[in-house]
2 protein chains.
Amino acid sequence: MEYPPPFSDSQLEDLVSDIKDWQITHGSLLKLVNTDQDSTVLTHPVGACLFPTLFPKELFEQALGLQKVYNKLYARVAEDEEWLYETLKDDEFARILWDIHEEVKKEGYVQDHTLGIFRSDYMLDANPAGQVKLKQVEFNTISCAGGIHSNLISDMHRCLQRRGAYLPAVPIDTTTPINLSASHLPPSHTLSTVTAGLIAAHTIYGPRKSPAAEQTCILFVVQPRNFNIADERPIEYALWDQNIPTFRVELTPEVLAHTSLTPTRELLYHPPSRPAAAPLEVSVVYFRAGFEPEEYSGPGCGDAREARVRVELSKAVKCPSILSHLITFKKVQQALAIPGVLRQFLSSSGEAVAITNTFARLYPMDTSVAGLEARKLAMDEEASEGYVLKPSLEGGGHNVYGSSIPAFLTCTPEETWSRYILMSKIASPNVQNLLMSPQGLYKGPVISELGVFGVCLWRRSAESEGRVEMVEDKEPCCWSFKTKSAGVDEMSVVKGYGCFDSPALVDNDVFMACCRDGEQS
Amino acid sequence: MEYPPPFSDSQLEDLVSDIKDWQITHGSLLKLVNTDQDSTVLTHPVGACLFPTLFPKELFEQALGLQKVYNKLYARVAEDEEWLYETLKDDEFARILWDIHEEVKKEGYVQDHTLGIFRSDYMLDANPAGQVKLKQVEFNTISCAGGIHSNLISDMHRCLQRRGAYLPAVPIDTTTPINLSASHLPPSHTLSTVTAGLIAAHTIYGPRKSPAAEQTCILFVVQPRNFNIADERPIEYALWDQNIPTFRVELTPEVLAHTSLTPTRELLYHPPSRPAAAPLEVSVVYFRAGFEPEEYSGPGCGDAREARVRVELSKAVKCPSILSHLITFKKVQQALAIPGVLRQFLSSSGEAVAITNTFARLYPMDTSVAGLEARKLAMDEEASEGYVLKPSLEGGGHNVYGSSIPAFLTCTPEETWSRYILMSKIASPNVQNLLMSPQGLYKGPVISELGVFGVCLWRRSAESEGRVEMVEDKEPCCWSFKTKSAGVDEMSVVKGYGCFDSPALVDNDVFMACCRDGEQS
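Residues numbered from 1 in each chain as written. Chains lettered and ligands numbered in written order. Predicted model: local features only at pLDDT ≥ 70, side-chain atom pairs only at ≥ 80, totals over all residues. Heavy atoms only, no water.

Attention now moves to the overall build of chain A. Helix and strand counts for chain A come out as 16 helices and 22 strands. Whereas a compact globule of 521 residues would reach a radius of gyration of roughly 24 Å, chain A reaches 23 Å, a difference of no more than 12%. C-alpha atoms of chain A, sized along the principal axes, occupy 75 × 55 × 45 Å. For chain A, buried positions account for 62% of its 521 residues. In chain A, of all internal contacts separated by at least 6 residues, the share reaching a separation of at least 24 is 75%. A total of about 19,400 Å² of accessible surface is found on chain A, and carbon and sulfur atoms cover 51% of it. The averaged location of the 67 negative side-chain charges in chain A is 4 Å from the averaged location of its 47 positive side-chain charges. (Helix = DSSP H or I, 4+ residues; strand = E, 2+ residues; numbered from the N terminus. Rg over C-alpha atoms; globule rule 2.2 N^0.38 Å. Buried < 20%, exposed > 50% of the residue type's maximum accessible area, 1.4 Å probe, protein only. Contact = heavy atoms within 4.5 Å. Areas by Shrake-Rupley, 256 points an atom, 1.4 Å probe, with all protein chains shown as cover. Lys, Arg positive; Asp, Glu negative; His and termini not counted. Charge placed at Lys NZ, Arg CZ, Asp CG, Glu CD.)

Right, here's the structure in full:
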């Protein structure tokens, strides 16, 4: 089997031109922030794969099928304060957030509902026997990005398929090319699902409670000078299309300047452009900021804590709350992998087994028995080759890979090692594709990461199992898909590593045959 | 009355930021062609007005209401060979096109249908008595652009209105600001109407006739290295959404290389990316190129004639045909304004009067009695002030304005004067607005141009009145709207003069009051 199918120079040229124009006309773009002036700004297309990348259909469906279990699991973890405190008590950034939680708890929480917009990331892991399995890279609970971009690239690949762009140009004799049909390309409904989640939370909040407010609105808390607005703005437009007023405020100064708490803890938003107008009452606060420690510690950023406290004290539904933000830490992922822990949260052993099967080997780097074992592995020149050292918090970008780990740890004060976790490297089989980005065209072996979005709304409840009652749990037909050159460790499209993509779903044996062909070629 | 309503610095900042992001995420962009590389390209937002510009509701409706009469008139003119020949026989570029027509006529035409996608441009003309009227600037019949951009900007203004972006920030005492409501902002359906026109032509063509072809398709003939793809690509995508295969070929080399005529004159398209595949049969050829004389005369462009002949000989429905291309010449506009001429084409005197009322004073520059009168006006330092000298062909950009005319004519060989027409200057009243473009922000008096699109399909018919049977005539709820600084003569958004815009419709007296207030401020 051969994939991508053989193409001529002319077909490649058309494909490149068609993709650039499609991206320009559909907002699949990044801003060049340093060109952002009063009256104009430059943009370029975000990195994109020319062909959808092969992915085993069965494992794609497995990942989507697991998401509701993951949603339930993480909602329950978020509401288990005691467990969470024990798991995160040594983490510096977690402590900043935990203090906010403590402060708000003293006043008493006035909103029982929390909105989760989660993203569970997977890569494929091939064992020596030639079997390929799904392994979880990480689980994200704040500011999950990439969904809108992938939605667009998936729409684009489906559009190109329909146009015949992926038909083999030159049939060749030795192998059979895979002819992509619409049935290979699953649709993505990320934009509509994320929007539906925010609407569900907005609806649960109900009508305005403060007589001072004119009506309710949703508030996006965003980072300043964001070059990746294409992944945020479409959600805002979709909410306006449903007649839900939606506004953006930058963390930190704008949150503090343009919101206030009433004595009964409604969060009011005062549109800065109309100081004389009545404020709006915030039903839902959606964070696309506040996930980096630097946002709480840089110069002038000390107020981020105050902003989070104000939001957390309010009646608004948060996405995420402080507690559901904390579950994004890798320490949580690692602690859940300790044998027996999952069953504290999932009464069904079938569910627990299904989740466990997606876990890589995960170790703490503390001074527990497992931690000491991990330290030994990490400091060993040969054994470390099979691992990745990850800071507990970061979603990607500060990882240390394989043989670089011992040298890195040698230069790192031992008392801070416990802020990391050690995870077994995932051995992704390579398939072939072409990547296009402002850095250039790349043709060769590639590796993909599948992120399954979970959109759910739960209520903290003393009576319910796991202290959580799931109010809404959207069907997980929403995902992100990113692909990078096999030679690059990091996966971050907006930083220039890798491209947005969509999967071309095939049977396992077809997938493995293409991996083998790729190695031989 | 005051317009735009008073706004604060903060409101302006928000508006600018909201507009740029909306344009980026909706493809309201221009390519920077010199940055177009294999793997990336830079874009920036196309010039846009921050507020919709005031326009008299009654005159907007008058312009839309006239379009079907204009469609009928121009379709009939296109099918009146004799009149057209007489009118255009002195024009050099018209002769190139006419020769193509003659050559095809010898072989015999094999398609009776023609698709018209017209655009009739108007400006407002204020007489000294304070009355304001609609005056036609020009009538375009080939490659009418701007409709998709205006559709987008109109969508954007309506979206911003709904968000409250146009509410007065600071109520002031002396004048009453106009509060924009949705009812002021007419929707534009340009994309869907143009697409529907192409579909109607495609449907009339019917199933493939050549056994060599796989299926039918629509062909866009485009200019190479076009930086304004945002005004073309969405039509192509909309056609694919209706399962109509649509391809782009560049004039000239691609037209010749990738199409062929069968002996029975079906036009076949051979997708260059799949040489082994069966060709498609072209149902409709939509020209977004071929309107500039340079395209037929520059180096390597000699084959444009051959390309036009091939298309014209074929069974495909053309938009436009050679004859309906010729009616775009200003000589035609000027000749139709000669008293009595309209009644040759329009039997209803009411219709003829309604059309005549939109005419400016138009003169030929030839040696006829009217032409000699025009030459006198044009060479007079004082009288020329009230006129514009326009080359017969050009859609804009080569005009000579007012007092520059005598000097221009002095340097121009007298034997070529007849290629121009002389038109009375339109004295547009000034309203106020803010324009944003890569050139900067502009605040001050502005002038708008309304282009009404006419989308119609007709059949040449010996039996019908005016030799034309109108098969389809779409409701003209589609328009372009462009606004420029009052101090600039030329109107071309893509060249950097002026911005895309949408009208804010108000009563005549409100409009005039705002014009007066603008003058006083």
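Residues and elements named next belong to chain A. Each domain of chain A was delimited in the assignment, giving domain 1 (9-359 + 444-520) and domain 2 (363-422). A C-alpha centroid distance of 27 Å is found between domain 1 and domain 2. Each side of the interface is counted separately: domain 1 has 16 residues, and domain 2 has 15 residues. For the pair domain 1 and domain 2, the summed buried area comes to about 1,400 Å², and 50% of that belongs to carbon and sulfur atoms. It is Lys330, Lys331 and Gln334 that lose the most area in domain 1 upon contact with domain 2, and together they represent 39% of the buried surface on that side. The tally of links from domain 1 across to domain 2 stands at 1 salt bridge. One salt bridge in this structure joins Glu92 and Arg419, with 3.0 Å as the shortest N-O distance. Our count for the contact surface shared by domain 1 and domain 2 stands at 5 residue pairs in polar contact (both at pLDDT 80 or more). Of all the elements in the fold, those that place two or more residues in the side of domain 1 that touches domain 2 are helix 4 (92-107), strand 6 (132-140) and helix 11 (330-336). Residue contributions to the side of domain 1 that touches domain 2 peak at 4 residues, all from helix 11. (Domains from an automatic or database assignment. Buried area = accessible area lost by both parts, 1.4 Å probe. Salt bridge = Lys/Arg side-chain N within 4 Å of Asp/Glu carboxyl O. Polar contact = N/O pair within 3.5 Å; in protein donor to acceptor, adjacent residues only side chain to side chain.)

Let us now look at the relation of the copies chain A and chain B. Under the fitted operation, chain A is carried onto chain B by 0.0 Å of movement along the axis and a turn of 180°, and the coordinates agree to an RMSD of 0.0 Å. The symmetry that links the two subunits is that of a two-fold axis. The residues that chain A uses at the interface reappear at the interface of chain B in 100% of cases, marking a shared surface. (Least-squares fit on C-alpha atoms with pLDDT ≥ 70 in both.)

The next thing to look at is the sheet that holds strand 14 (residues 387-391) of chain A. All names here are of chain A. Spatially, the 4 strands line up as an open sheet ordered 13-16-14-15, and their pairing is antiparallel. Across the chains shown, the open sheet's two edge strands, defined by having one partner strand only, are strand 13 (362-364) and strand 15 (400-401). Bridging between strand 14 and strand 16 (residues 420-424) involves 5 bridges; their strand directions are antiparallel. From the neighbouring strand, Pro391 faces strand 16, where its bridge partner is Tyr420. Against the sheet, helix 14 (residues 369-379) makes contact with strand 13, strand 14 and strand 16, and its axis sits at roughly 105° relative to strand 13, the strand it touches most. (Pairing = 2+ DSSP bridges. Axes fitted to C-alpha atoms, helices over the stretch in contact; angles between N-to-C directions.)

Time to look at the pattern of salt bridges. Overall, the coordinates contain 57 salt bridges over all chains when judged by the stated rule. We note a salt bridge from Lys20 of chain B to Asp36 of chain A, for which the minimum N-O separation is 2.8 Å. Here Lys20 of chain B is found in helix 1 (residues 9-26), whereas its partner Asp36 of chain A is found in the loop between strand 1 (29-31) and strand 2 (43-45) on a different chain. Among the residues examined, Asp36 of chain A registers a relative accessible area of 29% and is labelled partly exposed. In this structure, the salt-bridge partner of Lys474 of chain A is Glu472 of chain A, at a minimum N-O distance of 3.1 Å. Each of Asp18, Lys20, Asp21 and Arg163 of chain A together with Lys31, Asp36, Asp231, Glu232, Arg233, Glu236, Arg248 and Arg288 of chain B takes part in a single network of salt bridges with overlapping partners.

Residue and element names in this part refer to chain B. Checked against the element boundaries, Phe359 lands in the loop between helix 13 (349-356) and strand 13 (362-364). Along the sequence, Phe359 and Gln136 sit 223 residues apart, while their C-alpha atoms lie 5.6 Å from each other. The contacts of Phe359, once residues within four sequence positions are left out, are Tyr70, Lys135, Gln136, Leu336, Ala337 and Leu342.

Below, the discussion takes up the interface of chain A and chain B. Contacts between the two partners involve 52 residues from chain A, matched on the other side by 52 residues from chain B. Both sides together, the interface formed by chain A and chain B hides about 4,400 Å², and carbon and sulfur atoms give 54% of it. If you sort the residues of chain A by the area they bury against chain B, Ile24, Arg163 and Tyr237 of chain A come out on top, with a joint share of 15%. The interface formed by chain A and chain B includes 12 salt bridges. Of the charged contacts in the structure, one is a salt bridge between Glu236 of chain A and Arg163 of chain B, with a shortest N-O distance of 2.4 Å. Going through the elements one at a time, helix 1 (9-26), strand 1, strand 2, helix 7 (233-241), strand 17 (431-437) and strand 18 (440-460) of chain A are the ones with two or more residues in the side of chain A that touches chain B. In terms of residue count, helix 1 of chain A provides more of the side of chain A that touches chain B than any other element does, 12 residues in total. Residue classes in the side of chain A that touches chain B are distributed as 21 nonpolar, 18 polar and 13 charged. (Nonpolar A, V, L, I, M, F, W, Y, C, P; charged D, E, K, R; others polar.)

We now examine the sheet that holds strand 13 of chain B. All names here are of chain B. Strand order across the open sheet formed by 4 strands is 13-16-14-15, with antiparallel pairing between neighbours. Whereas interior strands pair on both sides, the edge strands pair on one side only; in this sheet they are strand 13 and strand 15 (400-401). By the bridge criterion, 2 bridges tie strand 14 (residues 387-391) to strand 15 in an arrangement that is antiparallel. Residue pairing across strands places Leu389 opposite Val400, the latter belonging to strand 15.

This brings us to the packing of aromatic side chains. A complete count under the given rule lists 38 aromatic pairs over all chains for this structure. Members of the aromatic cluster, connected to one another through ring pairs, are Tyr70, Tyr74, Phe118, Phe139 and Trp458 of chain A. The ring of Phe287 of chain B carries the charged tip of Arg308 of chain B above its face, separated from the ring centre by 4.4 Å. (Phe/Tyr/Trp six-rings, centres within 6.5 Å; stacked < 30°, edge-to-face > 60°. Lys NZ or Arg CZ within 6 Å of the ring centre and 35° of its normal.)

Next up on the list: the packing of helix 4 (residues 92-107) of chain B against helix 9 (residues 303-313) of chain B. All names here are of chain B. Contact pair helix 4 / helix 9: the axes reach a minimum separation of 10 Å and the direction vectors enclose 40°. Put simply, helix 4 runs oblique to helix 9. Considering the relative orientation of helix 4 and helix 9, their crossing is right-handed. Judged by residue contacts, Leu97, Asp99, Ile100, Glu103, Val104 and Glu107 of helix 4 engage Arg305, Arg308, Val309, Glu312 and Leu313 from helix 9. Its residues assigned to classes, the contact of helix 4 with helix 9 comprises 5 nonpolar, no polar and 6 charged. (Parallel < 35°, antiparallel > 145°, perpendicular 65-115°, else oblique. Left-handed = near helix turned anticlockwise from the far one by under 90°.)

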